[in-house]
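# Tertiary structure, described
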Amino acid sequence: MRNLKLLKSLQCHSLQGFGSPQCFTIRSDSGTVLVGSDRGITELDPRGEQVVNEVSLTSDNYLPEDGSGVVIGIQDLPDQESVCVATATGDVILCNLNTSQLECVGSVDSGLTGMSWSPDQELVILTTGQETIIMMTKDFEPITEVKIHQEDFGEGKFVTVGWGKKETQFHGSEGKQAAQRKLTEVQPAVPWDDQRPRVTWRGDGQLFALSAVCPETGARKVRVWNRECVLQSTSENVNGLEQSLCWKPSGSLIASTQRKPNKHDVVFFERNGLLHGEFTLPFGKDQVKVKELLWNSDSTVLAIWLEDIPSDGHSKPNTYVQLWTVGNYHWYLKQSLHFGNAPESAVVSVSWDPETPYRLHVLSSGWQYLCYDWYWSTECSTGEDSEDAANVAVIDGDKVLVTTFRQCVVPPPMCTYQLQLPCAVNQVTFHPEPGSTNQLAVLTADSRLSIYRHGNDTSKDSTVKIGAVGGNGFKVTTATPVLDKTYSVVLGKNAEGGNPLQLRLLTWLKKDTFLAVSPGERTSQSCILQLAPTGADHMEVRSAIPVDGHVISVCYNQKTRTVAVQLEDGQIMRYLWDSYPVESSGSPVEVWRNSSGCVTQFPQPCVQTALGTIAGEEQVLGLTDRSRFFINDTEIASNITSFRLYDEFLLLTTHSHTCRCIRLQEVSIKGLLSALSTDANQNDETIRRVERGSRIVTVVPQDTKLILQMPRGNLETIHHRALVLAQVRKWLDRLMFKDAFDCMRKLRIDLNLIYDHNPKVFLENVELFLKQINSVNHVNLFLTELKEEDVTKTMYPCPSSSTIQTAPGFDGKKVDIVCDALRVAMEKMDPNKHCLSILTSYVRKSTPELEIALQKVHELRVNPPVFPGAVSAEEALKYLLFLVNVNELYEHSLGTYDFDLVVMVAEKSQKDPKEYLPFLNTLKKMETNYQRYTIDKHLKRYKKALHHLSKCGQEHFAEFLNLVRDQKLYNEALKIYPVESQEYKEVSCAYGEYLSEQQHQEQAGLLFSRCGETQRALDAFVSSTSWQHALCMAAKLGFPEDKLANLARSLAEKLLEQRRHSEAALLLEQYAKDCEEAITALIEGATWDEALRLVYLYNRQDILETNLKPALLEAHNNQTSFVESQKTIFLRHKNRLAVVRELKEKARQELLDDEMPDCPDSDLFSEASSVMTASNMSSKYSHSNSKISARSSKNRRKAERKKHSLKEGSPLEDVALLQALGEIVRSVNKLTGEVHSLLKALVLFGYDSQALKLQQTLEETLQLMDKSIPEIWQVGLQQNTGTPVLGPNSTANSIMASYQQPKPPALPQQDTELFIPPKMSKNVKWKLNLLE
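Read on for an overview of the structure. Model, not experiment: these values are computed from the prediction.

Attention now goes to the overall build of the chain. Looking only at helices and strands, the chain features 36 helices and 56 strands. The buried share of the chain, taken over its 1332 residues, is 50%. The contacts of the chain with a sequence gap of at least 6 include a subset with a gap of at least 24, amounting to 53%. About 64000 Å² of surface is accessible on the chain, with carbon and sulfur atoms providing 48% of the total.

Written out as structure tokens, the structure is:
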């Protein structure tokens, strides 16, 4: 679907060498042209318009003075800084380009007929007048000489395996007579054949082919030789084979021409000599002769140099150069250059540039040099409304193949319709103005401009022919244009006689105003022409603006009416075509400046340009032939294969086989650069995978279709998610629910978007939604796809510019809200029509209301509707069974206690009547409450069953109590009976027993106490060590003093085991009347003050010496030892942590240096590498313990201890050290209260030195820890512990910012609390001032 567009045309007419030019070669290093003439060698500089050097070959008698000499080959040799020339007389001459010194490196007495150098210029092939091949090295040392004509086929001779004779084989459509047909004699070569051999090399230089006239038959034959000049194969006999020969550089085919009885073909040979395909030239029989065939360097374009065969022998022949390309196995004539019949315009040599694939060089006999730069371009209409048919025009000789992708996708080479022109087409352009974008203008090789318009005229145009969309039985819905006018373009003084393609980059501006570019007066100039009709059939130049430099692209923005012009150096100019006064003396061309006033220029020239608005500013977009994509002077990406601007989107295809669709309203140039340089997440709607090599053809306006073309030429239509969602959102904003629903259903877009896009608007327009959809099946589909997820936040994130509102005032779940709203609307509009949808709304609720739905079905059965088309009960039930499992529906019908409904559902199921009828009959015989209890118990609805059973009387209370115990429905049972009832007490006792079994003794005691079971309550309270309640129960039971004392001692023992010393002392003192045991308990619990109170209360000072003072000294020693040991361990762990962190930082730097040396973005990657390093270092543990979750809690605790190992060198040693340090700080900080009480007791008894030592030791330790906390728990660790770096809500900027910060190792979520520093209790006053 692409055409060859002429980017640049370089024409030199003022150069003149000596003699008549015969051939030329290109000097790639200097850009000059070396021309071989009948007098010598001339070096031309086309850009400088001067003759650089002339070397005569007549002075040394290499060529005769009379001008009859022939140069049969010329080749530039950059390595030797020379040019090699071969003459027909047999001399091979080497000319030094720096000194102009000539050296004859060889001579053949029989003369030379051809010279061909291998692509690597290591070998040269010379064909001699004696019909031999001489192969030489680049130093002109002979390798071998062989005869051209050999009887042997070659090394690749076919092997016959003996499978029958030719007469017995299948001959296809030719029939059996082909077996008896005798071989016709090969006709000799055509009379105008120059009889010279032609040599062509394969692109890799391993093989070459040679076409020569066979002396026996007089016909041409092609032979293939290898690099050692050994014959490989010989072609089959081909009648009418002509002189031209060219091997496709990619190595697959050898092109030549064949004149057949009724047509003139370009044919292709395989390397084995067999024919493989052809295409026909658009000329009559014996009308033209093919001078040469030439492939460009990347094998995409075949140039054919043709010349008319004079019918009378005296007329001057016309010369043509045609450019052919192939796509989808069809050969297209993309460009036809007509050079006329003037003698000075006759082409003498044509050549493709060896380095630039699409640059064509042409030299005429009048020393006119032409250079054309081509590139691919897709000509498509640019409209953005629904009237635009998404036209794409393809040039094919004298036809324009137009495909309208809005109606259908027609694969090339077919088309929707074709335009037949009287002459070969060079350019096509479409009208840019809205409403007229289907109109197109065609410029032909005879400088005539044909305008095709769409209108009300229903008459058919004979030049317009329906293509693949027509045919018998088909109705053509595509509107075809008609030829409105044909203008003859008059260029006047701007035209150069005899040179084709005077106009390039044709652009339609408005109505009948066109813009084009032509060569300027000087070679280094271009001229911007504004064309307008001046009469009925003429179009002349309204204004001609000269521009210094070669214009290689023109782009027009119809919205802003801006024209941007690009020069070959990348400079961008603004052409003020509409606002600049014609009479003004200044130039309407000015440099392009951005919003800040800076001059804008592409870093490299771009072959495709466009104008678009990004972040509110008009920008120039460009794509180079090397896939570099620029916006103004900023390179956005370097892997772009094609791009297209549509509406507010920029669509791109990349070398990574993706298609990106980016909304330009939301991004700046920096944002676009960031978006294309980062990978998209899985829910990113801007990216889509496409087939390898896909390129954008066009986008169908106001639709979702994006047309791509594959390298072979076939088309693929995709619906890019970004385009689809943008169009769906537009439809939803316009309340066009039908269009949105159909598109989403066809393209499998989640239908939840209809509601989630704007819940408030949807709920306000539910009836409009139902009227537009107007299909019960579609409404059911919408209801069945509802889910609680908000797809605008997950699957289809909303663009930032959209105004999405939530539904205020509607509380509850989304599915329930939508189902209720639709059901209310459907019941209001037509409940009979929407009966199935109403049932769906009940079933689809978050808690399905199947009972109500079944009741609706039952109502239909009782009162069947009489309306035509109404849903019957049978149909409704069948539909319900489609939505709900039959067993589940049967159980719900049973739960309605309606046996008629149960039987109706059971009949529709696969259940055996022998299974359910006895069960139903048994139920019918039961009392109503017991019947419902049985049903509820069967359905496992135990709470309902409990209520129904409670109504069945006292005789069923035992069954009631068993049900409560079995299903643990104690709370429900307690709510049923009054508090004073006997049933309530029995349920409470049962509940208490259950709580006792569950080790909730205190709660069981409360229940026992409430229902009067005092002894059982006492036992429960004693078991739970609830001593206050136990004493209350003992008092209630009337315990005597000794029994009460024994109870108190028993409770005190349990409290001491639980280290509740103060409570135990209280029991021993007040209830057991044992003050000594009470004081001992207080001393054991380090409750010094209370112990002193009891000592003096009961006058037991003897205990001070026997128990209290020794306990004080022992407590002092223990606390001092503990604090000192914790301080030592703290210092050791702190020092080790510093070492571990230093080692890890060193390892990270080494990894960074090894992976990214001298990288300009190393600062960015270093932070990411630190995350990877930490993750890699901990990967050993994470893999080895990946199955811990399935183990027992004991093993999990063991694995947790193993993970946080303090062993040196363990993967998470630094984390283990942090955990240990935190525990030390917290344990020491808790000692302040205990130490404060101990210090007071020590001072009271005169142990000042011991108290001072303990206070100083603890104070020093606390100060050390307080100062060390900032060093151990660094700020970076605290900030990054809970912040996720990646995720669906992260942006490129947030990810980059997070990577710029130091990262902690990748840890499980439960380990993040280890990075939070422990808090010190600085406000607690624990020290004694008298000790300072």
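Having seen the model, we can carry on.
Moving on: the pairing of strand β51 (residues 649–654). Here β51 lies mainly inside the structure; six of its six residues are buried. Alternating positions in β51 separate into two faces, Phe649, Leu651 and Thr653 on one and Leu650, Leu652 and Thr654 on the other, with burial throughout. Here strand β50 (residues 640–646) pairs with β51 via six bridges, running antiparallel. Bridge pairing links serine 642 to threonine 653 in β51. Connecting β50 to the next strand, β51, in antiparallel fashion are two residues, including aspartate 647 with a positive phi near 55°. Sheet analysis places β51 next to strand β52 (residues 658–663), joined by five bridges and oriented antiparallel. The residue of β52 that forms the bridge with phenylalanine 649 is arginine 663.

Here we come to the sheet that holds strand β16 (residues 220–226). Strand order in this open sheet of four strands is β14-β15-β16-β17, and the pairing throughout is antiparallel. Sheet topology places β14 (198–201) and β17 (231–234) at the edges, where each strand pairs with a single neighbour. Mean inter-strand twist for the sheet, computed between neighbouring axes without regard to direction, equals 20°. Note: strand β15 (residues 207–213) against β16, seven bridges, orientation antiparallel. Looking at β16, one finds that leucine 210 is bridged to arginine 223.

Tallied over the entire structure, the rule returns 30 aromatic pairs. When the ring of phenylalanine 268 is compared with that of tryptophan 331, the centres are 5.4 Å apart and the planes differ by 20°; the resulting orientation is stacked. One end of the pair, phenylalanine 268, is in strand β20 (residues 264–269); the other, tryptophan 331, is in strand β25 (residues 330–338), with 63 residues separating them in the sequence. A relative accessible area of 2% means that phenylalanine 268 is categorised as buried. An aromatic cluster of at least three residues, connected via ring pairs, comprises Phe268, Phe279, Trp295, Trp324 and Trp331. Its end group placed over the ring of tyrosine 842, arginine 823 keeps NZ or CZ at 4.4 Å from the ring centre.

Right, let's get into the nonpolar core. Residues Phe960, Leu1067, Ile1083, Trp1088, Leu1108, Leu1112 and Leu1239 are the most contacted members of the largest nonpolar core, which totals 90 residues. Not counting chain neighbours up to four residues away, the residues in contact with tryptophan 1088 comprise Ile1083, Leu1108, Ala1111, Leu1112, Ala1115, Ser1237, Leu1238 and Ala1241. In this structure, Phe769, Leu822, Ala825 and Ile838 belong to the second largest nonpolar core, which totals 70 residues.

Let's shift gears to a negative patch on the surface. The grouping of Glu151, Asp152, Glu155 and Glu216 at the surface amounts to a negative patch. Residue position: glutamate 216 is located in the loop between β15 and β16. Taking relative accessible area as the criterion, glutamate 216 reaches 71% and is therefore assigned exposed.

If you check which residues of helix α27 (residues 1088–1097) are buried, you get Trp1088, Ala1091, Leu1092, Leu1094 and Val1095. Burial along α27 is one-sided: seen end-on, the buried residues are contained in an arc of 165°. Looking one or two places after α27, you find asparagine 1099, whose phi comes out positive at around 55°.

What follows deals with the sheet that holds strand β5 (residues 50–56). If you walk across this open sheet you meet the four strands as β2-β3-β4-β5, and the pairing is antiparallel. Every interior strand has two partners, whereas the edge strands, β2 (21–27) and β5, have only one. Here the average twist between neighbouring strands, direction ignored, is 20°. Across six bridges, the pairing between β2 and strand β3 (residues 32–37) is antiparallel. Within β3, the position partnered with isoleucine 26 by the bridge is valine 33.

Mapped onto the elements, histidine 264 comes out in strand β20. Polar contacts involving the side chain of histidine 264 include one to the side chain of glutamate 242, which spans 2.8 Å. Setting aside its immediate chain neighbours within four residues, histidine 264 contacts Glu242, Thr257, Gln258, Arg259, Phe279, Thr280, Leu281, Val288 and Val290.

Scoring rules and cut-offs
- Residues numbered from 1 in each chain as written.
- Predicted model: local features only at pLDDT ≥ 70, side-chain atom pairs only at ≥ 80, totals over all residues.
- Heavy atoms only, no water.
- Helix = DSSP H or I, 4+ residues; strand = E, 2+ residues; numbered from the N terminus.
- Buried < 20%, exposed > 50% of the residue type's maximum accessible area, 1.4 Å probe, protein only.
- Contact = heavy atoms within 4.5 Å.
- Areas by Shrake-Rupley, 256 points an atom, 1.4 Å probe, with all protein chains shown as cover.
- Pairing = 2+ DSSP bridges.
- Axes fitted to C-alpha atoms, helices over the stretch in contact; angles between N-to-C directions.
- Phe/Tyr/Trp six-rings, centres within 6.5 Å; stacked < 30°, edge-to-face > 60°.
- Lys NZ or Arg CZ within 6 Å of the ring centre and 35° of its normal.
- Core = buried A, V, L, I, M, F, W, Y, C linked by side-chain atoms within 4.5 Å.
- Patch = residues over 30% accessible without salt bridge, like charges linked within 9 Å, V, L, I, M, F, W, Y side chains within 5 Å.
- Salt bridge = Lys/Arg side-chain N within 4 Å of Asp/Glu carboxyl O.
- Lys, Arg positive; Asp, Glu negative; His and termini not counted.
- Charge placed at Lys NZ, Arg CZ, Asp CG, Glu CD.
- Arc of directions from axis to C-beta.
- Polar contact = N/O pair within 3.5 Å; in protein donor to acceptor, adjacent residues only side chain to side chain.

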